[in-house]
Amino acid sequence: MECWINGVLERWRNGFLLQCSKTPVLQHSNLTKNEMKKLKSYSTTIAIAALYFFLFAGGLWHVLGVFQTLMRLLAAPLLIALSIIAFAVIFKILPDQQSRWRLLGWSMLVIIASFWIEWLGVKTGKIFGNYAYGETLQPILLGVPIAIGFAWLCMLLTSTAVVQRILPKFSSYHFILQAISISLLMVLFDIVMEPAAMKLGYWTWLGDSIPIQNFIAWFMISFIFAIIGLRLRLFQAKLPAIVFHAYFAQLVYFGMVILK
């Protein structure tokens, strides 16, 4: 009898302790989730601020004429890094593995195809006009910087992020209208970038004149890449804020270079 009573008391004591321990664990878990949300928000804000800071600093260095050798060395790596960051944050928000594979495949297509389009453009002068790349964006393969393919990817992703916020009902529009909107943002970006890129030694145009043909080609090539990405349903969800801000941070940099 005594053993039976002791067993009941022991089970009751263990059950009571277990019940008491559940509430604090749950509260701690909830606090952790809230803290994680705040931490994520803070980290996003810090990343965006850092993006503007570094690109503004780069523009300021160019205006002041300081750290020019360092800027030339970092130009291509920074283009590639910005592209990878934009890709990575979008990759993370996609809902399933299939979507992520599609994003990877589309991104590789943009990087590789744009590189060969640029190579053909430099070689023939028939696509964008007569131009040649300088020595700033190293390494260079067959007369075209490796970073150029990554730059195309970055500009397409950031242009898409901007269009999504300019047109809140973007995802409900016909994919042709979506692609046109993205392509127009690409051309707008290029209009600002071209004179800055010439000053930075990225490339030069024959006669130092940017032909209209260049902007038409930009629109058409961007349109094709955008159509493929849209048909793959890569941009159904709103792209992360840092991708949106990367578009304008780069414009700040190029704008400062132009104003020198």
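Note that this is a predicted model, so its numbers are computed, not measured. (Residues numbered from 1 in each chain as written. Predicted model: local features only at pLDDT ≥ 70, side-chain atom pairs only at ≥ 80, totals over all residues. Heavy atoms only, no water.)

Caption draft 1: Inspection of the overall build of the protein at higher detail. Helix and strand counts for the protein come out as 7 helices and 4 strands. Mapped from its N terminus to its C terminus, the protein presents α and β elements in the order α-α-α-β-β-β-α-α-β-α-α. By the burial criterion, 39% of the 260 residues in the protein qualify as buried. For the protein, the share of sequence-separated contacts (at least 6 apart) that also reach a separation of at least 24 residues comes to 77%. (Helix = DSSP H or I, 4+ residues; strand = E, 2+ residues; numbered from the N terminus. Buried < 20%, exposed > 50% of the residue type's maximum accessible area, 1.4 Å probe, protein only. Contact = heavy atoms within 4.5 Å.)

Caption draft 2: Quick look at the packing of aromatic side chains. One pass over the full model with this rule turns up 19 aromatic pairs. Where Phe189 meets Phe254, the ring centres are 6.0 Å apart and the plane angle is 90°; that geometry is what we call edge-to-face. Of this pair, Phe189 sits in helix α5 (residues 175-200) while Phe254 sits in helix α7 (residues 241-259), and the two are 65 residues apart along the sequence. Residues Phe189 and Phe254 agree in their burial class; the two are buried. Each member of the aromatic cluster is reached from another via a ring pair, and the members are Phe128, Tyr131, Tyr133, Tyr202, Trp203 and Trp205. Taking NZ or CZ as reference, Arg100 lies 5.4 Å from the ring centre of Phe91, over its face. Above the plane of the ring of Phe175 lies Arg231, whose end atom (NZ or CZ) is 4.3 Å from the centre. (Phe/Tyr/Trp six-rings, centres within 6.5 Å; stacked < 30°, edge-to-face > 60°. Lys NZ or Arg CZ within 6 Å of the ring centre and 35° of its normal.)

Caption draft 3: Examining the packing of helix α2 (residues 68-93) against helix α4 (residues 147-166) more closely. Relative orientation of the contacting elements α2 and α4 amounts to 45°, with a least axis distance of 8 Å. In terms of orientation, α2 and α4 fall into the oblique class. Considering how the two elements wind past one another, α2 and α4 form a crossing that is left-handed. Counting all contacts with α2, which are made through Ala76, Leu79, Ile80, Leu82, Ser83, Ala86, Phe87 and Ile90, the residues of α4 involved are Ala147, Phe150, Ala151, Leu153, Cys154 and Leu157. Looking at side-chain class alone, the contact of α2 with α4 contains 13 nonpolar, 1 polar and no charged residues. (Axes fitted to C-alpha atoms, helices over the stretch in contact; angles between N-to-C directions. Parallel < 35°, antiparallel > 145°, perpendicular 65-115°, else oblique. Left-handed = near helix turned anticlockwise from the far one by under 90°. Nonpolar A, V, L, I, M, F, W, Y, C, P; charged D, E, K, R; others polar.)

Caption draft 4: Expanded view of the side chain of Ser99. Structurally, the position occupied by Ser99 is in helix α3 (residues 97-124). Setting aside its immediate chain neighbours within four residues, Ser99 contacts Leu94 and Leu234.

Caption draft 5: Representation of the packing of α2 against α3. Relative to each other, α2 and α3 sit at 155°, their axes nearing to 9 Å. For the element pair α2 / α3, the angle class is roughly antiparallel. In this structure, the crossing between α2 and α3 has a hand that is right-handed. Residues Phe87, Ile90, Phe91 and Lys92 of α2 form the contact with α3, whose participating residues are Arg100, Leu103, Leu104 and Ser107.

Caption draft 6: Spatial organisation of the nonpolar core. Residues Trp106, Trp152 and Tyr202 are the most contacted members of the largest nonpolar core, which totals 71 residues. Counting residues per element, this core draws most heavily on α4, at 13 residues. When near neighbours in sequence (up to four residues on either side) are disregarded, Trp106 contacts Leu153, Leu156, Leu157, Phe225, Ile228, Gly229, Leu232, Leu234 and Phe235. (Core = buried A, V, L, I, M, F, W, Y, C linked by side-chain atoms within 4.5 Å.)

Caption draft 7: A look at the environment of Gly121. Tracing the chain through its elements places Gly121 in helix α3. Once the C-alpha coordinates of Gly121 and Ala132 are considered, the two residues, 11 residues apart in sequence, prove to be 9.2 Å apart.

Caption draft 8: Main features of a nonpolar patch on the surface. A contiguous nonpolar surface patch, about 950 Å² in accessible area, is contributed by Phe56, Leu60, Val63, Leu64, Val66, Phe67, Leu70, Leu73, Leu74, Leu78 and Val252. Position of Leu78 among the secondary structure elements: in helix α2. (Patch = residues over 30% accessible without salt bridge, like charges linked within 9 Å, V, L, I, M, F, W, Y side chains within 5 Å. Areas by Shrake-Rupley, 256 points an atom, 1.4 Å probe, with all protein chains shown as cover. Salt bridge = Lys/Arg side-chain N within 4 Å of Asp/Glu carboxyl O.)

Caption draft 9: Broad picture of α3. An ideal rise of 1.5 Å per residue puts 40 Å on 28 residues; α3 measures up with 40 Å between its terminal C-alpha atoms. Burial in α3 covers these residues: Ser99, Leu103, Trp106, Ser107, Val110, Ile111, Ser114, Phe115, Glu118 and Gly121. Contacts from the buried residues of α3 go to α2, β1 (131-133), β2 (140-141), β3 (144-145), α4 and α6 (212-231). Sitting at the amino-terminal end of α3 is Asp96, which places a side-chain oxygen 3.2 Å from the backbone nitrogen of Gln98. Just past α3, the residue Gly125 takes up positive phi, approximately 70°. (Expected span 1.5 Å × (residues − 1). Polar contact = N/O pair within 3.5 Å; in protein donor to acceptor, adjacent residues only side chain to side chain.)

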